[in-house]
Amino acid sequence: MIDWLVTPFADSTIMQHALIAGTLVSIACAVAGTFVVLRGLAFIGDALAHGVLPGIAIAVLAGFSGILGAAIGAAVMIGGITLITQRSRLSSDTAIGLLFVGMLALGVVIVSRSGSFSGDLTRILFGEILGISVTAIVIQIVATVVILAIAAICARPFLLLSFDPEQAQVAGFSVRLYHNVMLLMIALTVIVSFQTVGTLLVFGLLIAPASAGALLARHIGAMMAWAALFGVLSVFAGLLISYHFDLAAGAAIILVTIVLFFAAFAIQNLRDRRAAQRKEPGGA
Amino acid sequence: MPSLINAEDLSIGYGRDVVVAGVSFELIPGEAFALIGTNGSGKSTLLKTVVGLLPPLDGRLAVFDGRPGADHRRIAYLGQFHQSGFVLPIRAVDVVRMGRFPGLGLWRPMTRHDNDAVREAMRTMGIEALAETPLRSMSGGQQQRTYLAQVLAHQADLLVLDEPTSGLDAGGRELYLQAIDAELRRGASVLVATHDIQEEAALCHRVMLLARRVVAVGPPAQVLTPETLLATFGVVITGDRKLHVIEGRHGHEGPGKPPG
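For clarity, every value in this text was computed on a predicted model and none was experimentally measured. (Residues numbered from 1 in each chain as written. Chains lettered and ligands numbered in written order. Predicted model: local features only at pLDDT ≥ 70, side-chain atom pairs only at ≥ 80, totals over all residues.)

J.: Teacher, can you tell me more about the interface of chain A and chain B here?
T.: Interfaces are frequently sized by the accessible area removed from exposure as the parts join. With 23 residues of chain A at the interface, the matching set in chain B holds 21 residues. Secondary structure elements with two or more residues in the side of chain A that touches chain B: helix H2 (13-38), helix H9 (155-163), helix H10 (165-170) and helix H12 (220-245) of chain A. In terms of residue class, the side of chain A that touches chain B is built from 14 nonpolar, five polar and four charged. (Contact = placed C-beta atoms within 7 Å. Helix = DSSP H or I, 4+ residues; strand = E, 2+ residues; numbered from the N terminus. Nonpolar A, V, L, I, M, F, W, Y, C, P; charged D, E, K, R; others polar.)

Here it is in structure tokens:
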């Protein structure tokens, strides 16, 4: 059993790099994902994860850094959403949706010019966790530290925003400023994480562990800790499953996060039911 | 004595829609001032304008002799709705601690003085035993006590409260009235929107009756008459010793106080 768990990582640097990068992505996604879940930003998180696609596609075809391409894609995405919501009466949901499908289609159109269409597309959507370079790990470490620093510095305004934006404003923390800082943090997470698990699956690591954390935790710090734990567990288990059964690694990781979410969901429901039963005899 | 709030011919509302025009009043230190009216009468709009969440549409409004919302350290606000719902995992004590954030800003760590203020506020509202309880497993009344404790923990010069007793049981209301009394004795001022003309409003130094216009302003004994209440609420029944108000256009609490 130990053999089954350890050997894949002991034998191969590819698997070691995958585990390290996956762990870093899980930590970054736990922090950013906590606020995605608490502030109801799932849709913009999803849109960002896909909106970066054309940027990455151009980068792949033109041969420059995918992270730079993703950053350009995210900037266009956020800029477009802001422009539409400020200059029209359309809701931000509508603006996000428009940019989302537009950018996704643009990405596919660009990639379709490439010789190995489906290979490139799969690589962008599902990542290359089994092809992580040391440079990529260093970039991921720096980004994770930056994300943790942003969350630590903005802990009070972020908590107030998640609690009640009006309360944040009256307490002297600009809602617009800190909302944008939060979006920036989420965008940074998506941009650096897509290499590891792909644009499609960043989103899974962004919301599934954090939602499971929200169900189990009693305060926001615990929610992040739970989310990080679930994320790291998913990466570890997903990599093992993909190694032993020869399955796609990125998708295996995401499936594990979703299974873990439903496990947390079941635990929370059982707990609630038991609490309700304990209350009933007393007539509370 | 300098006034905490000074409104002259103020128009309030959302965007271009004026809800109430021609509001003039002054709030002095140590004074309790109640806004009375149905939902949609402009109470919440006025409170939001005072705390700086809405810009004044016309006229003049000075809070602490400055722009509304400029001095967040001196003002505590209890809104009517909390958007967090039940998603945010947060303990009661964390909610109350947020009352110290305006004074601490982004960086300064919580001191013993801050923690004492938090504990004291929770004791005042009778929830010190619930400190570690998640907000989502508390009853509506306990949650409202927690929000009130947050406002008290601030130790602000001006408390702006939007229907602070909604959801409170009799014990909670009693604790709230005592707490407000203590805040006033400390020298703080209170601006409160309420439906409760018997207890809460009667204890205030002055009241303003609102019905998308200012119906009357003055001490409760002078202002709370069947005529003004009729103009404010629509339907009034005078009982043996008390006035009873039936609110026709009431949004979220049902038909209000039953007669008799």
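More follows now that the structure is in view.
J.: Looking at this structure, I do not really get the packing of H2 of chain A against helix H11 (residues 175-216) of chain A. What am I missing?
T.: Each pair of packed helices can be summarised by the angle the axes make with each other and by the distance between the axes. All names here are of chain A. Two elements in contact, H2 and H11, have axes whose closest approach is 6 Å; the angle formed by their N-to-C orientations is 65°. Seen along the crossing, H2 lies across H11 with a hand that is right-handed. Counted by class, the contact of H2 with H11 contains 19 nonpolar, nine polar and no charged residues. (Axes fitted to C-alpha atoms, helices over the stretch in contact; angles between N-to-C directions. Left-handed = near helix turned anticlockwise from the far one by under 90°.)

J.: Would you explain helix H5 (residues 66-87) of chain A in this entry?
T.: Side chains that are three or four residues apart share a direction in an α-helix, a result of its 3.6 residues per turn. Compared with an ideal rise of 1.5 Å per residue, which puts 22 residues at 32 Å, H5 of chain A spans 31 Å between its outermost C-alpha atoms and is within 8% of the ideal. Against the buried residues of H5 of chain A lie helix H3 (42-51), helix H4 (53-62), helix H6 (92-112), helix H8 (134-153) and H11 of chain A. (Expected span 1.5 Å × (residues − 1).)

J.: Help me understand the sheet that holds strand E2 (residues 17-27) of chain B in this model?
T.: To summarise the sheet geometry, strands pair through backbone hydrogen bonds and adopt either a parallel or an antiparallel arrangement. Residue and element names in this part refer to chain B. Overall, antiparallel pairing links the three strands, which are arranged E2-E1-E4 in an open sheet. Looking at which strands have only one partner, the edges of the open sheet turn out to be E2 and strand E4 (58-63). Here the strands of the sheet are splayed against their neighbours by 35° on average, with no regard to which way each runs. (Pairing = 2+ DSSP bridges.)

J.: What should I look at first to understand the environment of Ser3 of chain B in this one?
T.: All names here are of chain B. When you line up the elements, Ser3 lands in the segment before strand E1 (5-14). Considering only alpha carbons, one finds Ser3 and Leu159, 156 residues apart in sequence, at a separation of 14 Å. Among all residues touching Ser3, those that are not within four sequence positions of it are Glu26, Leu27 and Ile28.

J.: Would you mind showing me how to read the pairing of strand E9 (residues 214-218) of chain B here?
T.: The two faces of the sheet receive side chains in turn, since in a regular strand these alternate between them. Residue and element names in this part refer to chain B. When strand E8 (residues 206-210) meets E9, the two strands line up antiparallel, connected through four bridges. Residue Leu209 lies in a different strand from E9, and its bridge partner there is Ala216. Counted between consecutive antiparallel strands, the loop separating E8 from E9 contains three residues, among which Arg212 sits at a positive phi close to 60°.

J.: In this structure, what is going on with unusual backbone geometry? I would like to understand it.
T.: Leave glycine aside and you will find that most residues have negative phi; peptide bonds, for their part, are mostly trans. Residues and elements named next belong to chain B. In this structure, Phe64 is a non-glycine residue whose phi angle is positive, near 50°. If you trace the backbone, Phe64 turns up in the loop between E4 and strand E5 (75-78). Judged by local crowding, Phe64 falls into the partly exposed class, with 18 C-beta atoms found within 10 Å. The backbone phi angle of Gln155 is positive, close to 50°, even though this residue is not glycine. Its place among the elements puts Gln155 in the loop between helix H5 (140-153) and strand E6 (158-162). With 20 C-beta atoms packed within 10 Å, Gln155 lands in the buried category. (Buried ≥ 20, exposed ≤ 12 C-beta atoms within 10 Å, placed from the backbone.)

J.: For this particular structure, what's the right way to read the environment of Gly45 of chain A?
T.: All names here are of chain A. The topology assignment puts Gly45 in helix H3. You can call Gly45 buried: it has 25 C-beta atoms within 10 Å. As for Gly45 and Arg113, which are separated by 68 residues in sequence, their C-alpha atoms are 27 Å apart. With residues near it in sequence (within four places) discarded, Gly45 still touches Val36, Ile186, Phe203, Leu206 and Ile207.

J.: What am I meant to see in the environment of His179 of chain A here?
T.: If you trace the backbone, His179 of chain A turns up in helix H11. Here the alpha-carbon distance between His179 of chain A and Pro165 of chain A, two residues 14 residues apart in the chain, equals 9.4 Å.

J.: Explanation requested: the nonpolar core in the structure shown.
T.: It is characteristic of soluble globular proteins that their nonpolar side chains tend to be buried jointly. Membership of the largest hydrophobic core comes to 173 residues, with the highest contact counts inside it found for Ile191 of chain A together with Val160 of chain B. Among the elements that line this core, the one with the most residues is H11 of chain A, at 23 residues. Ignoring anything within four residues of it in the chain, the contact list for Ile191 of chain A reads Val52, Ile67, Ala70, Ala71 and Ala74 of chain A. (Core = buried A, V, L, I, M, F, W, Y, C linked by C-beta atoms within 7 Å.)

J.: I tried to follow the packing of H3 of chain A against H6 of chain A on my own but got confused; where do I start?
T.: Residues and elements named next belong to chain A. Between H3 and H6, the shortest axis-to-axis distance is 9 Å and the interhelical angle comes to 20°. Overall, the two elements H3 and H6 adopt an arrangement that is roughly parallel. In terms of crossing hand, the pair formed by H3 and H6 is left-handed. In contact with Phe43, Ile44, Ala47, His50 and Gly51 of H3, H6 contributes Asp93, Ile96, Leu99, Phe100, Met103 and Leu104. For the contact of H3 with H6, the residue count by class is eight nonpolar, two polar and one charged. (Parallel < 35°, antiparallel > 145°, perpendicular 65-115°, else oblique.)

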